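# Close look at the chain arrangement
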Amino acid sequence: MTDAEDRLPQHLLDAIAPRGLTRNFPAHAILINEGDSTDSLYILLSGRVKIYASSDDGRELVLHEYGPGEYFGELSIDGEPRSASIKAIEACTCRVVQGSELRQFLADHPDFAMHLTRKLIRMVRRLTEQVRSMALQDVYGRMVRVLTDLSEPAGEERLLRHKLTQQDIADRVGASREMVNRVMKELTAGGYIGQREGRLVILKKLPAAW
């Protein structure tokens, strides 16, 4: 689910690196909590994180994932509380740039401001598509979209880039794990999906409806 266009070009990464501090986070650590008033920018050097919103009863909806070279936390530029939480999917290393340093860097590097603007445009488009999917598609349709987004071609098949549990999928489509389990069982019985080295494989084109 990461986007190569969201990765910082090397020259910008080299330019902003001296303005921040390197921090290491273990897997499952919370880097940012929804509602926090912090204003740091995080540049992910290694590992993966997920961006999610949560309800009062603990349910999560995963909005996106980031990988090495990508950055997050930029929405704090407006001074408002954090709008989503960030959790490490695996151990990760970040360069953390304080808000005051970030604002000065934006003023000194208009090419970074342009990169940030394009990233925010892609974010709005992605979230618009996610809202459309949640409102207009059933659980199966949302699962097809997510599985396609998180996989890559492998011959005539598609292989998921990372291991995902049924709960991981449920958190991405806004459904219960039990509902995802039911659909997965039916797709497996139909010969549409399988497992390879712990990762999900889409063996043939998924039907348009189920």
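Residues numbered from 1 in each chain as written. Predicted model: local features only at pLDDT ≥ 70, side-chain atom pairs only at ≥ 80, totals over all residues. Heavy atoms only, no water.

Attention shifts here to the UniProt feature "domain: HTH crp-type" (unreviewed entry) in the chain. The sites that UniProt annotates as "domain: HTH crp-type" (unreviewed entry) are residues 137–206. The distance separating the terminal C-alpha atoms of residues 137–206 is 15 Å; by composition the span is 46% helix and 23% strand. (UniProt positions renumbered as here; feature names shortened; annotations may be inferred. Helix = DSSP H or I, 4+ residues; strand = E, 2+ residues; numbered from the N terminus.)

Tallying each qualifying case throughout the model produces 7 aromatic pairs. Ring geometry for Tyr 66 and Phe 72: centres 6.1 Å apart, planes at 5 degrees, overall stacked. Within the aromatic cluster, the residues linked to one another by ring pairs are Phe 25, Tyr 42, Tyr 66 and Phe 72. Over the ring of Tyr 71 we find Lys 119, and its NZ or CZ is 4.1 Å from the ring centre. The residue whose ring lies beneath Lys 204 is Tyr 192, and the NZ or CZ to ring-centre distance is 4.6 Å. (Phe/Tyr/Trp six-rings, centres within 6.5 Å; stacked < 30°, edge-to-face > 60°. Lys NZ or Arg CZ within 6 Å of the ring centre and 35° of its normal.)

At a minimum axis distance of 8 Å, the contact between helix H5 (residues 166–173) and helix H6 (residues 177–189) shows a crossing angle of 110 degrees. Accordingly, the angle class assigned to the pair H5 and H6 is roughly perpendicular. By crossing handedness, the relation of H5 to H6 is classed as right-handed. Residue-level contacts link Gln 166, Gln 167, Ile 169, Ala 170 and Val 173 of H5 to Arg 177, Val 180, Asn 181 and Met 184 of H6. A per-class count over the contact of H5 with H6 returns 5 nonpolar, 3 polar and 1 charged. (Axes fitted to C-alpha atoms, helices over the stretch in contact; angles between N-to-C directions. Parallel < 35°, antiparallel > 145°, perpendicular 65-115°, else oblique. Left-handed = near helix turned anticlockwise from the far one by under 90°. Contact = heavy atoms within 4.5 Å. Nonpolar A, V, L, I, M, F, W, Y, C, P; charged D, E, K, R; others polar.)

A few words on the packing of helix H4 (residues 139–149) against H6. Packed helices, taken two at a time, are described by their axes: the angle between them and the distance between them. Between H4 and H6, the least distance of the axes is 11 Å, while the angle of their chain directions is 70 degrees. In this view, H4 runs roughly perpendicular relative to H6, as classed from their interaxial angle. Across from Val 139, Tyr 140 and Met 143 in H4, the residues of H6 making contact are Met 179, Val 180, Val 183, Met 184 and Leu 187. Residue composition of the contact of H4 with H6, grouped by class: 8 nonpolar, no polar and no charged.

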